[in-house]
Amino acid sequence: MALRFEVEVEGRKSNFAECDVPKTTVTPIQYREATGTLDTLARPGTQANEPFTLTRNLVSKDAFWDWRKAIMDGVNTGSAASYKKSGSVTQYDHDGSSVIARWHFKDAFISEWKIDPDLDGGGNEILKERITMVADVIEKAE
Amino acid sequence: MADDQRPYTNNKFRVEIEGQELKYVKRVTGLDSKTDVKELRTGNKPVEYRPGKTTYADISIERFIVDKDQTLKKWWDEYKEGKTKVTRKSGSVIILTDDYSDGLRLNFEGALPKDYNSGNRSAMQDDYPTEHLVLQIEKLSKA
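1. With respect to helix H1 (residues 71-80) of chain B
Residue and element names in this part refer to chain B. Among all positions in H1, only Leu72, Trp75 and Trp76 are buried. Buried residues of H1, viewed axially, fall in a sector of 95°; they line one side. Contact partners of the buried residues in H1: strand S6 (59-64), helix H2 (84-87), strand S7 (89-96), strand S8 (102-117) and strand S9 (130-136). Of the residues flanking the end of H1, it is Gly82, one or two places downstream, whose phi is positive at about 80°.

Listed below in structure tokens is the structure:
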């Protein structure tokens, strides 16, 4: 996402360096009716939400890590409140004040946590952590 | 940590195995944990995602052979001999600040060596030789 954006989870704003736009896919189903035209008709079928990744400069333990740790340690999957969180991704204009677009994600959990790039004595890059989430609901709000 | 610490870089780090610092580490890869995503598709509501089991990528440690340190080789030998109890070790990868003091610690647990390789030698090749140990781990966490 370009230049100025903001990620908010459960009311807390966090600073990220890169962010995927949450994406939903719908697989169409094709069908025909024998008495109609010879055209193959289509209707929307299964809906799925793709995992999306937020990237930030590596930091010490924080709320995101606590959230991730709870999922790794095992959660009571019956009670979504214990491990699922909601938030939004907001895209700003170049001046940083006017909102261009906003996506809400609901009931998300962290499915992958990765440090990138590799540690290398001869390297010359900022160390980042990539946090991949999957959400039950994705909506474009603005 | 210095007040003006900028974001960490990927070239300042150190490795500890069972509390002992491993010297001359060139490269560490595989700091990654993945949780399976299970789809719960029921007839009466949209898809719900739930976490499944978590797996960790193999951590590989590459080290310059410029001293007689046998830590990695010994560990691999123990594993080859099937001494599971002594072989399973914990360790840390510590990300360092600009002035090489400890910044952020990542702990790994239950590490078993999967593969060891100390490369080939060639008289024409004048890079320092390295040894390479691949670890299968059971847990990776921020300390």
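2. With respect to the interface of chain B and chain A
When the parts of a complex come together, some accessible area is lost, and that lost area is often taken as the interface size. Listed per partner, the contact involves 28 residues of chain B and 32 residues of chain A. No other element matches the 7 residues that strand S5 (residues 45-56) of chain B contributes to the side of chain B that touches chain A. Counted by class, the side of chain B that touches chain A contains 13 nonpolar, 8 polar and 7 charged residues. Examined bridge by bridge, strand S8 (residues 99-116) of chain A and strand S4 (residues 32-42) of chain B share 3 bridges and lie antiparallel to one another. Counterpart to A:Trp113 in the pairing with S4(B) is B:Ser33.

3. A closer look at the confidence of the model for chain B
Detailed reading of the predicted coordinates is not advisable wherever pLDDT falls low. Looking at chain B as a whole, the pLDDT averages 91, with 97% of positions reaching at least 70. Predicted complex metrics record ipTM = 0.86 and pTM = 0.88.

4. With respect to helix H1 (residues 63-73) of chain A
One full turn of an α-helix is made of 3.6 residues, so residues set three or four places apart face in the same direction. Residue and element names in this part refer to chain A. Looking only at H1, the buried set comprises Phe64, Trp67 and Arg68. Angularly, the buried residues of H1 cover 95° about the axis, an arc narrow enough to put them on a single face. H1 presents Ala63, Asp66 and Asp73 as exposed residues on the side facing more than 90 degrees away from its buried surface. As for H1, its buried residues are in contact with strand S7 (85-92), S8 and strand S10 (128-140). Just downstream of H1, Gly74 is the residue with a positive phi angle, here 110°.

Definitions and cut-offs
Residue indices begin from 1 for each chain and proceed along its sequence in written order. The order in which chains are written sets their letters, starting at A; the order in which ligands are written sets their numbers, starting at 1. Predicted model: local features are reported for residues with pLDDT of at least 70 only, side-chain atom pairs are reported and counted for 80 or more only, and whole-chain, interface and lining totals are derived from all residues. Whether a residue is buried, exposed or partly exposed is read from the other C-beta atoms within 10 Å of its own C-beta, which are placed from the backbone; 20 or more gives buried, 12 or fewer gives exposed, and intermediate counts give partly exposed. A helix here means a DSSP run of H or I that spans at least four residues, while a strand means a run of E at least two residues long, and both kinds are numbered starting from the N terminus. Regarding the arc, it is the one traced by the directions from the helix axis to the C-beta atoms. By the convention adopted here, residues make contact when the C-beta atoms placed from their backbones lie within 7 Å. Amino acid classes used here: Ala, Val, Leu, Ile, Met, Phe, Trp, Tyr, Cys and Pro are nonpolar; Asp, Glu, Lys and Arg are charged; the rest, including Gly, are polar. Between any two strands, at least two bridges found by DSSP are needed for them to pair. The quantity known as pLDDT measures the predictor's confidence residue by residue, on a range of 0 to 100.

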